[in-house]
Amino acid sequence: MAESGVNPTAAALLGLLHEGPMTGGQLMAAAERRLAPYWSMTRSQVYRELPVLAERGFVRLGKPGPRMSQPYALTASGKRTFSRWLAENPGRDTIRNPIALRMAFGNLHSASQLKSLYASANEYHTEALAQVREQVKNAKRDGETYDASALEFAVAYHRAALSWLKSAPVG
């Protein structure tokens, strides 16, 4: 954990709460909409972090809504903590690609297994690239310059993955 005392998932939640109070489900939807092309968060991570953020005074709980959903609002302390997190060195990227991991053991695969692996990866990256290009277009149209820039990272990632898959050995 960095100087701010929050991990990246907690920081992402604090950042999303700058848009206004949200329930855990709404935060998850906002994370999917804004961050998913380049940053993954699971529902369990979100629901694990929210009580910790509340306990530390970074968010406050609102009145329970339908089905006992509880909105969370960013506090002044949460805003300061998020600002400190933004100013910190982000550290090194963590790369975890399941296709590359399997390719490292490609000599233990059959040629048909590798072809199938590459085909499914190619299909995924092609679809993801189309989706994130649309998100970039919408973000630019809406004047969301920084969102568009972050999404461009995902565009470059999927392009690179597709290029890499073209040169992958098949057996």
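Our subject is the structure listed above.
Only a predicted model underlies this, so the values are computations on that prediction, with no experimental measurement involved.

1. Here's the deal with the packing of helix α2 (residues 24–34) against helix α3 (residues 43–55)
- Where α2 contacts α3, the two axes come as close as 10 Å, and the packing angle between them is 130°. Judged on the interaxial angle alone, α3 and α2 are oblique. Seen along the crossing, α2 lies across α3 with a hand that is right-handed. Every residue of α3 that contacts α2 at G24, G25, L27 and M28 is listed here: R43, V46, Y47 and L50.

2. Looking at helix α7 (residues 145–166)
- The end-to-end C-alpha separation of α7 is 32 Å, in line with the 32 Å expected for 22 residues at 1.5 Å each.
- Listed in full, the buried residues belonging to α7 are D147, A148, L151, A154, V155, H158, A161, L162 and L165. For α7, the buried positions fall inside an angular range of 130° around the axis, keeping them on one side. Looking at α7, the residues exposed on the side facing more than 90 degrees away from the buried face are T145, Y146 and F153.
- As for α7, its buried residues are in contact with α2, α5 (98–104) and α6 (111–141).

3. Section: the pattern of salt bridges
- In the structure shown here, the tally under the stated rule is six salt bridges.
- For E19, the salt bridge is made with R34, and the minimal N-O distance between the two is 2.5 Å. Here R34 lies in helix α2 and E19 lies in the loop between α1 (8–16) and α2, a separation of 15 residues in the sequence.
- Exposure remark for R34: the relative accessible area of 25% places this residue in the partly exposed category.
- When the shortest N-O distance is used, the salt bridge between R34 and D147 registers 2.9 Å. Remark: D147 occurs in helix α7 and R34 occurs in helix α2; sequence separation between them is 113 residues.
- D147 gets classed as buried once you look at its relative accessible area, which sits at 16%.

4. Overview of the nonpolar core
- In this structure, L16, L27 and M41 are the most contacted members of the largest nonpolar core, which totals 23 residues.
- At the level of elements, α1, α2, α3 and β2 (72–74) are the ones that each hand at least two residues to this core.
- With six residues, α1 is the single largest residue contributor to this core.
- In this structure L16 touches M22, L27, A30, A31, R34, L35 and M41, once residues within four positions along its chain are discounted.
- Residues A139, L151, A154 and V155 belong to the second largest nonpolar core, which totals nine residues.

Calculation criteria
- Residues numbered from 1 in each chain as written.
- Predicted model: local features only at pLDDT ≥ 70, side-chain atom pairs only at ≥ 80, totals over all residues.
- Heavy atoms only, no water.
- Axes fitted to C-alpha atoms, helices over the stretch in contact; angles between N-to-C directions.
- Helix = DSSP H or I, 4+ residues; strand = E, 2+ residues; numbered from the N terminus.
- Parallel < 35°, antiparallel > 145°, perpendicular 65-115°, else oblique.
- Left-handed = near helix turned anticlockwise from the far one by under 90°.
- Contact = heavy atoms within 4.5 Å.
- Expected span 1.5 Å × (residues − 1).
- Buried < 20%, exposed > 50% of the residue type's maximum accessible area, 1.4 Å probe, protein only.
- Arc of directions from axis to C-beta.
- Salt bridge = Lys/Arg side-chain N within 4 Å of Asp/Glu carboxyl O.
- Core = buried A, V, L, I, M, F, W, Y, C linked by side-chain atoms within 4.5 Å.

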